[in-house]
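Report on the structure
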Amino acid sequence: MKCLTNGRIILKDKVLEGKNIVFDTKIQSITSEIPENCEVIDAEGKYISPGLIDIHIHGNMGEDTMNGTDHAIETMSKSVARHGVTGFLPTTMTMGKSDIYTALDTIRRAKARKMEGSQVLGSHVEGPFINEAFKGAQNAKFIAIPEFSFIKDYSDVIKVITIAPEKDENFEFIKAVKRSTDILISMGHSKATFDEANAAIDEGVGSVTHLFNAQTGLNHREPGIVGAALTRDVFTEIIADTIHVNKGLFQFVIHNKGKNKLILITDSMEAGGLEDGEYSLGGQKVIVKDNAARLENGALAGSVSAMNSMVRNFYNNTDLTVVEAINLASLNPATAIHVADKKGSIEIGKDADFALFDDDFNCSMTICTGDIVFERK
């Protein structure tokens, strides 16, 4: 048994001081006492946050989900843990079917075992069912028409799938996914109109992928996917690196989207955590300079920022409390992918997933299902 003490505990609705968290693999109690024979961990006045959850991340530290190796996923697991992430969805790209299946097989293996860092909670499949007009950094060569048979055998590991709903004739794919699985269908890399987006939501689309990026924008006569995201009760991802979306819009998004359905993601690619230089994404050359990752044509190719940086950026540019900012990267994603019964907030009976942050969201320790998986010396 372990005991976290001397910290400011971030619950889902308040910050609690003067209490201790007693845990093994799960949270056993939140108490004023320190039980005997406990391993005491002194938080030294820092915030004790629920572990962060990244539901959209392609790579980190020179590795990518599409490399399809155990080593790649393990590298990502240990890397993201340095930033307070305790759960993540390795995210695939629009590539060949065999490459996607190899990646999903690897993710399935990782999901079934205890990782050395952050836990793999499943996969986010981004493409190949997208629109070439908004392909972003995806490879147009591998774009396909939505078919449920493509993903049917992987419904146990897929938590989120991004599609362009206008490419789904009569929304047959969406209907099949909703009928047979609990996969969150997200709308992205899409040319859908406002009306098409709303119709897709009516049929079962429950999320929007990286708001503003690779989708129809907000116009007063044609509000597009952005308009649907901000006016409908769907989860909505946002990359808050201040490059993909101007920080001056963060408060606007909160005012219109609300605090319960917005989800911070990194959309990190393999250059995350590394220096400027040349890298790869989905077999395409990526140039990283000044914290921005771009294809040779100038298109943004994911981010190189960490999840705690996303929280910091959103907190510093909105009127959110610490609790509300943390929820965007913990409780909200946990709820979206149906793991909030175990993860996403500090509550008795839930998994012992914690991150220790200073006032600027720098991470000094990460605990995943009771084990210290990162400690800054």
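The present account deals with the structure reproduced in this document. All values reported here derive from a predicted model rather than from experimental measurement.

Analysis parameters
- Residues numbered from 1 in each chain as written.
- Predicted model: local features only at pLDDT ≥ 70, side-chain atom pairs only at ≥ 80, totals over all residues.
- Heavy atoms only, no water.
- Disulfide = S-S within 2.5 Å.
- Buried < 20%, exposed > 50% of the residue type's maximum accessible area, 1.4 Å probe, protein only.
- Pairing = 2+ DSSP bridges.
- Helix = DSSP H or I, 4+ residues; strand = E, 2+ residues; numbered from the N terminus.
- Axes fitted to C-alpha atoms, helices over the stretch in contact; angles between N-to-C directions.
- Phe/Tyr/Trp six-rings, centres within 6.5 Å; stacked < 30°, edge-to-face > 60°.
- Lys NZ or Arg CZ within 6 Å of the ring centre and 35° of its normal.

Moving on, we get to the state of the cysteines. Put plainly, two cysteines are in a disulfide when a covalent bond ties their sulfur atoms together. Evaluated as defined, the whole model comprises zero disulfides. Take Cys-3: it sits in no disulfide, and the sulfur closest to it among the cysteines is that of Cys-38, at 5.4 Å. Here Cys-368 stays unpaired: no disulfide links it, and the sulfur of Cys-363, its closest cysteine neighbor, is 12 Å away. The exposure class of Cys-368 is buried, given its relative accessible area of 0%.

Hydrogen bonds between backbone atoms are what pair the strands of a sheet, whose relative direction is either parallel or antiparallel. One open sheet accounts for four strands, arranged S5-S4-S1-S6; its pairing is mixed. Each having just a single partner strand, strand S5 (27-31) and strand S6 (39-42) make up the two edges of the open sheet. This sheet shows a mean twist of 20° between the axes of neighbouring strands, independent of strand direction. Of the strand pairs in this sheet, strand S1 (residues 2-5) and S6 are connected by four bridges, and their pairing is parallel. Pairing of Cys-3 across the sheet is with Val-40, part of S6.

Turning next to the packing of aromatic side chains. Across all of its chains, the model carries eight aromatic pairs by this definition. Between Phe-357 and Phe-361, the aromatic rings sit 6.3 Å apart at their centres with planes inclined by 65°, giving edge-to-face as the arrangement. In this structure, Phe-357 and Phe-361 share a single accessibility class: buried. Among the aromatic residues, ring-to-ring pairing joins Tyr-101, Phe-129, Phe-150, Tyr-154 and Phe-173 into one connected group. Positioned above the aromatic ring of Tyr-47 is the side chain of Arg-8, whose terminal nitrogen or guanidinium carbon lies 4.0 Å from the ring centre.

Judged by pairing direction, the sheet is mixed, and its six strands sit side by side in the order S3-S2-S7-S22-S23-S24 without closing on themselves. The sheet terminates laterally at strand S3 (15-16) and strand S24 (371-375), the two strands that pair on one side only. The pairing of strand S7 (residues 47-50) with strand S22 (residues 354-357) spans four bridges and is classified as antiparallel. Across the sheet, residue Ser-49 finds its bridge partner in S22, namely Ala-355.

No statement about biological role is implied by the geometric values presented.
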